[in-house]
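Spelled out from the first residue to the last, the chains are:
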Amino acid sequence: MSLSIDVRRRIGATQLDVQFTVAAGETVAIVGPNGAGKTSLLRVVAGLISADEGRISWDGVVWDDASSGEFFPPEQRPLAYVFQDYALIEHLTVGDNVAFGLRARGVRRRRARERAQEVLDVVGGSDLVERMPSSLSGGEAQTVAIARALATEPTVMLFDEPFAALDASARAHARRLFSSMRSSSMARLIVTHDAVEALTLADRIVVVEAGSVVQIGTPSEVLATPRSHFVAEILGLNPLSGQLRGDELSLGTMSLTVGAHGVDDGDVIAIVRPRSVSLHRERPEGSPRNVWRTTIDAVDRSDGRVRVQLGTPLPIAVEVTPAGFDALATEPDGEVWASVKASEIVVQPA
């Protein structure tokens, strides 16, 4: 089973022209600059707008075919949409919000409320059932929005920047919730501007620029061979595979201390942003928790910045200002000290 997307649609000045598939059990992240057409693509898949040309189908069932005029409205598509602003109905309780989709499909009120409670229990919102949307925090509102989406047992779930409005702690909880929702029968599409989310939550990444797909691949494939400046910019991160034990991340060659995370011990993927790492001529004072001696293997000066590739024991990329690099007074093969704050290391389950 798979969701097949092959659509063309004019959206203002942007010509959306996108082709890819999402298999059952797969999570695909859609990334791209503002105005690239990402949200418009979700709206076409959802049936909120139709394609000018092309075809959308799930498991061979056509949802939208511009050539034949066949078109299933949103309520006839087995999908759920989690909007960026969550779109909760303000005059309904949480329980009634979660039950809303079921009631709209003809499910009796009692059974719909029972199902709403079941799903809220699963996502950790069981104590929210009688609350009103206006009383919810951002993280709670997102939990309710996801519960409402799951209640109808969709085969396709669409997420539009679902974590954008959350603070750091709520975002960590939301990512764990998202990861726990993985199902072998459900396809998931998530639009995000956050490279960490794309790298840690998705099986594949679809990069859309100016309405067209410029790259599709696994996170490691996209990281290894970015095909545009935007891809290199947003995904130019350092993914590290290691073992987490409490606040200690073991990477084989060395260990790092990480900040508050809420991730269970075991295999994890840690993300270190290149701009989060500092370089020093001498060991930095104040004893930062993560400090190591290393070498500079390569230097790339472009776009007013310097990208430095470090060597052993942790071969990662670092970005510094030209002035900052010149102050090091070193060249490739030269030794430096590197440091990174524990709070700057993001960990996610592997």
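Scoring rules and cut-offs
- Residues numbered from 1 in each chain as written.
- Predicted model: local features only at pLDDT ≥ 70, side-chain atom pairs only at ≥ 80, totals over all residues.
- Heavy atoms only, no water.
- Helix = DSSP H or I, 4+ residues; strand = E, 2+ residues; numbered from the N terminus.
- Rg over C-alpha atoms; globule rule 2.2 N^0.38 Å.
- Buried < 20%, exposed > 50% of the residue type's maximum accessible area, 1.4 Å probe, protein only.
- Contact = heavy atoms within 4.5 Å.
- Areas by Shrake-Rupley, 256 points an atom, 1.4 Å probe, with all protein chains shown as cover.
- Lys, Arg positive; Asp, Glu negative; His and termini not counted.
- Charge placed at Lys NZ, Arg CZ, Asp CG, Glu CD.
- Core = buried A, V, L, I, M, F, W, Y, C linked by side-chain atoms within 4.5 Å.
- Phe/Tyr/Trp six-rings, centres within 6.5 Å; stacked < 30°, edge-to-face > 60°.
- Lys NZ or Arg CZ within 6 Å of the ring centre and 35° of its normal.
- Axes fitted to C-alpha atoms, helices over the stretch in contact; angles between N-to-C directions.
- Parallel < 35°, antiparallel > 145°, perpendicular 65-115°, else oblique.
- Left-handed = near helix turned anticlockwise from the far one by under 90°.
- Nonpolar A, V, L, I, M, F, W, Y, C, P; charged D, E, K, R; others polar.

## Here's the deal with the overall build of the chain
Step number 1: The secondary structure content of the chain amounts to nine helices and 21 strands.
Step number 2: Relative to the 2.2 N^0.38 estimate, which gives 20 Å for 350 residues, the radius of gyration of the chain is 23 Å and therefore close to what a compact globule would have.
Step number 3: Among the 350 residues that make up the chain, the fraction classed as buried is 51%.
Step number 4: Across the chain, contacts joining residues at least 24 apart in sequence account for 64% of those joining residues at least 6 apart.
Step number 5: About 15,900 Å² of surface is accessible on the chain, with carbon and sulfur atoms providing 48% of the total.
Step number 6: In the chain, the 35 positive side-chain charges and the 45 negative ones have mean positions that sit 4 Å from each other.

## Notes on the nonpolar core
Step number 1: Residues V98, L150, M157, F159, I205 and L235 are the most contacted members of the largest nonpolar core, which totals 52 residues.
Step number 2: Top element by residues in this core is helix α4 (residues 138–151). It accounts for eight residues.
Step number 3: Apart from the residues lying within four places of it in its own chain, the contact partners of L150 are R115, V119, V123, M157, M181 and M186.

## Things to note about helix α1 (residues 38–46)
Step number 1: The buried fraction of α1 amounts to seven of the nine residues, a majority that puts the element mostly inside the structure.
Step number 2: All buried positions along α1 are accounted for by K38, S40, L41, L42, V44, V45 and A46.
Step number 3: Looking at the residues trailing α1, positive phi occurs at G47, about 90 degrees.

## Let's talk about the packing of aromatic side chains
Step number 1: The tally for this structure, following the rule as stated, stands at one aromatic pair.
Step number 2: Ring plane angle 10 degrees and centroid distance 4.1 Å describe the contact between Y81 and F83, whose orientation is recorded as stacked.
Step number 3: Exposure remark for Y81: the relative accessible area of 13% places this residue in the buried category.
Step number 4: F83 gets classed as partly exposed once you look at its relative accessible area, which sits at 28%.
Step number 5: A cation over an aromatic ring shows up here: R77 above the ring of F71, its NZ or CZ 5.0 Å from the ring centre.

## Side note on the pairing of strand β9 (residues 187–191)
Step number 1: Counted residue by residue, β9 has five buried out of five residues, so it is predominantly covered.
Step number 2: Judged by which residues are buried, β9 turns out to be covered on both faces: A187, L189 and V191 on one side and R188 and I190 on the other are all buried.

## Re the side chain of E197
Step number 1: With respect to the helices and strands, E197 occurs in helix α6 (residues 195–201).
Step number 2: Note on E197: relative accessible area 4%, which makes it buried.

## Thoughts on the packing of helix α2 (residues 94–104) against helix α3 (residues 109–122)
Step number 1: For the pair α2 and α3, the least separation of the axes is 8 Å and the interaxial angle reads 120 degrees. The angle between the axes of α2 and α3 places the two elements in the oblique class. Here α2 runs over α3; the crossing is right-handed. Residues V94, G95, D96, V98, A99, L102 and R103 of α2 touch α3, and the partners they reach there are R109, A112, R113, R115, A116 and L120.
Step number 2: Residue classes in the contact of α2 with α3 are distributed as seven nonpolar, one polar and five charged.

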